Amino acid sequence: MNFIPLAKPVLKGNEKKYVSQCLKNEWISSKGDFVRAFEESFSRFCQRKYAVAATNGTTALHLALLSLGVGPGDEIIVPDLTFISPVNMIIQTGARPVLADVDPDSWTLSAEEVERKVTSKTKAIIVVHLYGMPAKMKELERIARKHRLPIIEDAAEAHGAYSHGRITGSFGEVSCFSFFGNKIITTGEGGICLTNKKSLADKIRLLASHGMDPQKKYNHKAIAFNYRLTNLQAAIGLAQMEQIDSFLEKRQAIASFYSELLSGIKGIILPFYHGEAKPVCWLYSVLVEKERDFLVKELLDAGIETRPFFIPVHKMALYQGYGGGEKFPRAEFLSTRGINLPTYPGLTKNEIRYIAGKIKEIIK
Ligand SMILES: *Cc1c(COP(=O)(O)O)cnc(C)c1O
């Protein structure tokens, strides 16, 4: 069996054709038709009015925070179990991340914990959908409404998931996605902000583009950035959007097959989805009751790349202070037991059988 990576992109659609068009017509910067076409395609997919493409998911989060006026003195509630980007971007604005524990079943931000962490300084809540599992948006929206706080959705790991019948990315005041090489669709590096408010979309576009006045060139209205996606990247993104439904179907089939093969193994806990969630399979994930790290190592020896769950943010020295000295029992529980298994549309049934077989063998 060849080495099986955790993730890899599928570039078998119109990617080459569209990139060649850019090279041929020489539109390779962020100017060019593919950027707008990709933005439109993605906002339609997520049922949103406005989209602004960005250099990556991290800069998209930075733009989202700044568009809502987040800055020094503000507190932003964010889950303790997450990829680090949202936390870093909160700190970059000068605001303070306030870590909150996750739900045991959704693995994402707990509404109860959010409510406990709200203070007079709270300015926004960042919800992170984890490994394809959407957060419990109804409960989170209720808390947000009660305290009049905007939600920023970090949907970098959940393109196409649904919570209570609504697609991820359609909930946040601003919602952010990443199109890194291992995500559900990719532009190599890339990201996007979505919103229904024109004023926010305009602000995001301004901040992503040198703060330059669209009415009067070289007149600058904000201390800003250049966070623009290129036409070459958007060309890949548009080709990926043409295939997103089939990618999601294939990923769902992979999840079902994994679950079928791994169910009933003592010591392995399969993901269980909370009631109103329709997750997508970004990375198929299970919990291992004992010696997760040993399993990771043994699988790697067998040519299978896996990934342990994220380290709880409060556990890292850099971020300790943001935990307020509290314990985060659910994030810690999941973090020491969770493992992501190889997941990508090109993964074959035979490879999944091989992976499941190895897991059985090692667990024994
Ligand atoms: C991948 C990811 C990001 C960052 O995206 P980049 O495009 O790599 O900057 C942010 N948040 C989450 C939850 C992610 O998984």
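We now turn to the structure provided with this report. All values derive from a computational prediction rather than experimental measurement.

1. A closer look at the overall build of the protein
Piece 1. Check the secondary structure of the protein and you find 12 helices and 14 strands.
Piece 2. The globule rule puts the C-alpha radius of gyration for 364 residues at 21 Å, and the 20 Å found for the protein is close to it.
Piece 3. Taking all 364 residues of the protein together, the buried fraction comes to 57%.
Piece 4. Taking all contacts inside the protein whose residues are at least 6 apart in sequence as the whole, residues at least 24 apart take part in 72%.
Piece 5. Only carbon and sulfur atoms are counted for the fraction: they give 52% of the accessible area of the protein, which is about 16,300 Å².
Piece 6. Side-chain charges in the protein split into 48 positive and 38 negative, and the spacing between the mean points of these groups amounts to 3 Å.

2. Points about the state of the cysteines
Piece 1. Under the definition given, this model contains 0 disulfides.
Piece 2. Cysteine Cys46 shares no disulfide, and the gap to the nearest cysteine sulfur, in Cys176, comes to 11 Å.
Piece 3. Cys193 supplies the cysteine sulfur nearest to Cys176, a cysteine that is in no disulfide, at a spacing of 4.2 Å.
Piece 4. Taking relative accessible area as the criterion, Cys176 reaches 1% and is therefore assigned buried.

3. Considerations on helix H3 (residues 57-67)
Piece 1. Summarising burial for H3: 9 of the 11 residues are buried, a large majority.
Piece 2. Every buried residue of H3 is accounted for by Gly57, Thr59, Ala60, Leu61, His62, Leu63, Ala64, Leu65 and Ser67.
Piece 3. The N-cap of H3, judged by a side-chain oxygen 2.9 Å from the amide nitrogen of Thr58 a few residues on, is Asn56.
Piece 4. Positive backbone phi, approximately 80°, marks Gly69, located one or two places after H3.

4. Topic: the site of the ligand
Piece 1. Around the ligand sit Asn56, Gly57, Thr58, Phe83, Ser85, Val128, Asp154, Ala156, Glu157, Ser178, Lys183 and Gly190, and those are all the residues in its vicinity.
Piece 2. Between Glu157 and the ligand, the recorded distance is 2.5 Å, taken from a side-chain N or O atom to an oxygen atom.
Piece 3. At 3.1 Å, a side-chain N or O of Lys183 approaches an oxygen atom of the ligand.
Piece 4. About the coverage of the ligand: the protein hides 92% of its 380 Å² of free accessible area.
Piece 5. In terms of residue class, the shell around the ligand is built from 3 nonpolar, 6 polar and 3 charged.

5. Quick word on the side chain of Lys136
Piece 1. With respect to the helices and strands, Lys136 occurs in the loop between strand S4 (122-128) and helix H6 (137-146).
Piece 2. Here Lys136 falls in the buried class, since its relative accessible area comes to 14%.
Piece 3. A polar contact is formed between the side chain of Lys136 and the side chain of Asp105, at a distance of 2.9 Å.
Piece 4. Look past the residues within four positions of Lys136 in its chain and what remains in contact with it is Asp103, Asp105, Ser106, Thr108, Ser163 and His274.

6. A few points about the packing of aromatic side chains
Piece 1. This model, assessed by the stated rule, comprises 13 aromatic pairs.
Piece 2. Residues Phe38 and Phe179 carry aromatic rings whose centres are separated by 5.1 Å and whose planes lie at 70° to one another, so their mutual orientation is edge-to-face. Taken together, the residues Phe38 in helix H2 (residues 33-45) and Phe179 in the loop between strand S8 (174-178) and strand S9 (191-195) connect sequence positions 141 residues apart. Here Phe38 matches Phe179 in class, with each residue buried.
Piece 3. A centroid spacing of 5.1 Å and a plane angle of 80° characterise the contact between Phe42 and Phe179, whose relative ring orientation is edge-to-face. Highlighted residues: Phe42 in helix H2 and Phe179 in the loop between S8 and S9, separated in sequence by 137 residues.

Each value, and the rule that gives it
Residues numbered from 1 in each chain as written. Predicted model: local features only at pLDDT ≥ 70, side-chain atom pairs only at ≥ 80, totals over all residues. Heavy atoms only, no water. Helix = DSSP H or I, 4+ residues; strand = E, 2+ residues; numbered from the N terminus. Rg over C-alpha atoms; globule rule 2.2 N^0.38 Å. Buried < 20%, exposed > 50% of the residue type's maximum accessible area, 1.4 Å probe, protein only. Contact = heavy atoms within 4.5 Å. Areas by Shrake-Rupley, 256 points an atom, 1.4 Å probe, with all protein chains shown as cover. Lys, Arg positive; Asp, Glu negative; His and termini not counted. Charge placed at Lys NZ, Arg CZ, Asp CG, Glu CD. Disulfide = S-S within 2.5 Å. Polar contact = N/O pair within 3.5 Å; in protein donor to acceptor, adjacent residues only side chain to side chain. Near = heavy atom within 4 Å. Nonpolar A, V, L, I, M, F, W, Y, C, P; charged D, E, K, R; others polar. Phe/Tyr/Trp six-rings, centres within 6.5 Å; stacked < 30°, edge-to-face > 60°.

By themselves, these are just geometric observations and shouldn't be taken as functional.
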